[in-house]
Amino acid sequence: MEINWKKITMEDRTLIEHYYEREQSMSCEFSFANNLLWAPHYEIQFAVLHDCLVFLSKAVAHSVSYPLGRGDVKGAVEDLTVWFAERNLPFRMHFVTPQQYAHLMELYPMRFQIAYDRDAADYVYEAEKLRTLAGKKLHGKRNHINKFRQEHPDWSFERIDRYNVEECIGMACEWGRQNAVYEDWEKSVEYDITFRALRQRDELKLDGGLIRADGRVVAFSLGEPCNHETYVVHIEKAYADVQGAYPIMNQQFVEHIAAGFRYINREEDMGVEGLRKAKLSYYPDLLVEKGLVMEINNAQPKDYS
């Protein structure tokens with residue numbers, strides 16, 4: 001079984017987004033900029049099988065995404081399992097949602113099993129809640145923002161454009177130095193992606209916003225829609241020593257950039273304790289669960305990575 005796997009390029013946007021338009025998933029993985037930016041680091045390629053879009057990741061161990069779109073999912077899965085078997089590789093399907101797994105079980109009862117990974121679950125919030133921060137649970141966030149406004153009366157929100165993007169890049173450099181990003185592979189990868197996202201934001205159709213205080217950029221954020229109702233925030237950086245910079249960046253981005261969307265996906269916490277605590281502190285309305293699917297005879301959930 002030969003599959004024509006292809007590296008993702010900017011020219012593939014129309015094709016890939018055609019299948020995303022059919023899928024309408026809430027998962028942060030299903031957005032073009034995310035695919036293109038992460039592809040070099042996780043050796044991601046794609047193919048179209050039976051009118052379904054499939055991604056292959058060669059990083060750590062070969063695995064594929066669930067076939068996306070309205071084509072023949074069963075035909076695509078059959079081709080994929082043959083492709084893995086011919087290469088003596090265990091069949092692995094990554095970032096599979098409960099809805100996708102339920103469909104897979106309808107097609108193949110008792111053939112596959114799934115191991116959900118809590119670290120990979122996306123945090124999704126009602127946009128109105130993040131914009132207004134109303135209610136007792138979020139009074140602490142409002143207090144942080146009020147404190148920021150008191151200490152920085154000249155603060156402002158700006159959309160990222162060609163006139164201020166270099167300031168964001170300069171802030172990212174300083175943020176990276178303060179957070180010792182090159183001491184950890186995942187941090188260094190995210191750091192590289194942040195720079196590429198800022199440099200290529202127009203080509204990638206990424207929206208960006210920044211917070212300025214005392215004449216300098218103290219926070220910025222980048223994102224894009226992932227379906228008609230959901231906006232995904234890919235990148236958010238703020239100086240930790242500027243109290244309230246993260247909360248006001250979050251609130252202002254939703255108010256000005258993601259206006260009109262019902263939900264905000266703020267991606268996963270990767271198992272980082274501080275990040276999990278921060279995301280939980282906004283009380284997510286739902287978690288988009290994702291797991292690793294394997295054939296039952298070969299299933300080894302402990303190898304999930």
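The structure we're discussing is the one just above.
Residues numbered from 1 in each chain as written. Predicted model: local features only at pLDDT ≥ 70, side-chain atom pairs only at ≥ 80, totals over all residues. Heavy atoms only, no water.

Enquirer: When you look at the state of the cysteines in this model, what are you seeing that I'm missing?
Expert: By definition, a disulfide links the sulfur atoms of two cysteines through a covalent bond. By the definition in use, this model includes 0 disulfides. C226 provides the cysteine sulfur closest to C28, a residue in no disulfide bond, and the two sulfurs are 8.0 Å apart. (Disulfide = S-S within 2.5 Å.)

Enquirer: Please clarify how the pattern of salt bridges should be interpreted in this entry.
Expert: Two side chains bearing opposite charge may form a pair once their charged atoms approach each other closely. With the rule as written, the count across this model stands at 22 salt bridges. Across the pair R87 and E86 runs a salt bridge, and its minimum N-O distance is 3.9 Å. One salt bridge in this structure joins E236 and R266, with 2.8 Å as the shortest N-O distance. Of this pair, E236 sits in strand β11 (residues 230–238) while R266 sits in the loop between β12 (263–265) and α11 (273–280); the two residues are 30 residues apart in sequence, bridging distant segments of the chain. Classification of E236 as buried rests on a relative accessible area of 16%. In this structure, a network of salt bridges that share partners links the residues R118, D119, D269 and R276. (Salt bridge = Lys/Arg side-chain N within 4 Å of Asp/Glu carboxyl O. Helix = DSSP H or I, 4+ residues; strand = E, 2+ residues; numbered from the N terminus. Buried < 20%, exposed > 50% of the residue type's maximum accessible area, 1.4 Å probe, protein only.)

Enquirer: Could you clarify how one ought to interpret helix α2 (residues 32–42) in this entry?
Expert: Within the sequence span of α2, burial applies to F32, A33, N34, N35, L36, L37 and A39. E43 sits one or two positions beyond α2 and adopts a positive phi of about 50°.

Enquirer: What's the story with the packing of helix α6 (residues 139–151) against helix α10 (residues 245–256) in this structure? I'm lost.
Expert: Geometrically, a packed helix pair is captured by the angle between its two axes and the distance between the axes. α10 packs onto α6 with a crossing angle of 100° between their chain directions and a minimal axis gap of 8 Å. Our classification of the angle between α6 and α10 gives roughly perpendicular. Listed contacts from α10 to K141, H144, I145, F148 and R149 of α6 are A245, P247, I248, Q251 and Q252. Residue composition of the contact of α6 with α10, by class: 5 nonpolar, 3 polar and 2 charged. (Axes fitted to C-alpha atoms, helices over the stretch in contact; angles between N-to-C directions. Parallel < 35°, antiparallel > 145°, perpendicular 65-115°, else oblique. Contact = heavy atoms within 4.5 Å. Nonpolar A, V, L, I, M, F, W, Y, C, P; charged D, E, K, R; others polar.)

Enquirer: Whenever I open this one, the pairing of β11 confuses me. Can you help?
Expert: Regular strands place side chains that alternate from one sheet face to the opposite one. Most of β11 sits inside the fold, with 9 of its 9 residues counted as buried. Relative to β11, strand β10 (residues 216–225) is paired through 7 bridges, and the arrangement is antiparallel. Bridge assignment links E224 to a residue of β11, and that residue is V232. Following β10, the chain reverses through 4 residues before pairing antiparallel with β11. Inspection of the sheet shows β11 paired to β12 by 3 bridges, in the parallel sense. The residue of β12 that forms the bridge with T230 is Y263. In this region the chain leaves β11, passes through α10 and returns to the parallel neighbour β12; the handedness of that crossover is right-handed. (Pairing = 2+ DSSP bridges. Right-handed = clockwise from strand over helix to strand, strands pointing away.)

Enquirer: Is there a simple way to explain a nonpolar patch on the surface in this structure?
Expert: On the surface, M270, V272 and L275 cluster together into a nonpolar patch covering about 220 Å² of accessible area. In this structure, V272 sits in the loop between β12 and α11. You can call V272 partly exposed: its relative accessible area is 41%. (Patch = residues over 30% accessible without salt bridge, like charges linked within 9 Å, V, L, I, M, F, W, Y side chains within 5 Å. Areas by Shrake-Rupley, 256 points an atom, 1.4 Å probe, with all protein chains shown as cover.)

Enquirer: Could you clarify how one ought to interpret the pairing of β10 in this entry?
Expert: Across the 10 residues of β10, 8 count as buried, placing the element largely inside the fold. With 7 bridges joining them, strand β9 (residues 207–213) and β10 adopt antiparallel strand pairing. Each bridged residue has a counterpart across the sheet, and for L210 the counterpart in β10 is F220. In sequence, β9 turns back onto β10 through a hairpin of 2 residues, with D214 there showing a positive phi of about 55°.

Enquirer: I'm lost on the side chain of R212 in this one. Help?
Expert: If you trace the backbone, R212 turns up in strand β9. At 2.6 Å, the side chain of R212 forms a polar contact with the side chain of E158. Ignoring sequence-local partners within four residues, the contact set of R212 consists of D154, W155, S156, E158, N164, E167 and V217. (Polar contact = N/O pair within 3.5 Å; in protein donor to acceptor, adjacent residues only side chain to side chain.)

Enquirer: What's the story with unusual backbone geometry in this structure? I'm lost.
Expert: Keep in mind that most residues, glycine aside, have a negative phi and that most peptide bonds are trans. If you check the backbone angles, H50 has positive phi at about 50° while not being a glycine. Residue position: H50 is located in the loop between β2 (44–49) and β3 (52–57). Exposure remark for H50: the relative accessible area of 38% places this residue in the partly exposed category. Even without a glycine there, the phi angle at A180 is positive, about 45°. Its location among the elements puts A180 in the loop between α7 (165–178) and α8 (185–199).

Enquirer: Just to check I follow, could you spell out the nonpolar core for this structure?
Expert: Across soluble globular proteins, nonpolar side chains show a tendency to be buried alongside one another. Counting residues in hydrophobic clusters, the biggest one holds 64 residues, and the most contacted among them are I8, F55 and F220. Discounting chain neighbours no more than four positions away, the residues touching F220 are I160, C168, M171, A172, T194, L198, G209, L210, I235, E236, K237 and M249. With 24 residues, the next largest nonpolar core counts L49, L56, V64 and L104 among its residues. (Core = buried A, V, L, I, M, F, W, Y, C linked by side-chain atoms within 4.5 Å.)

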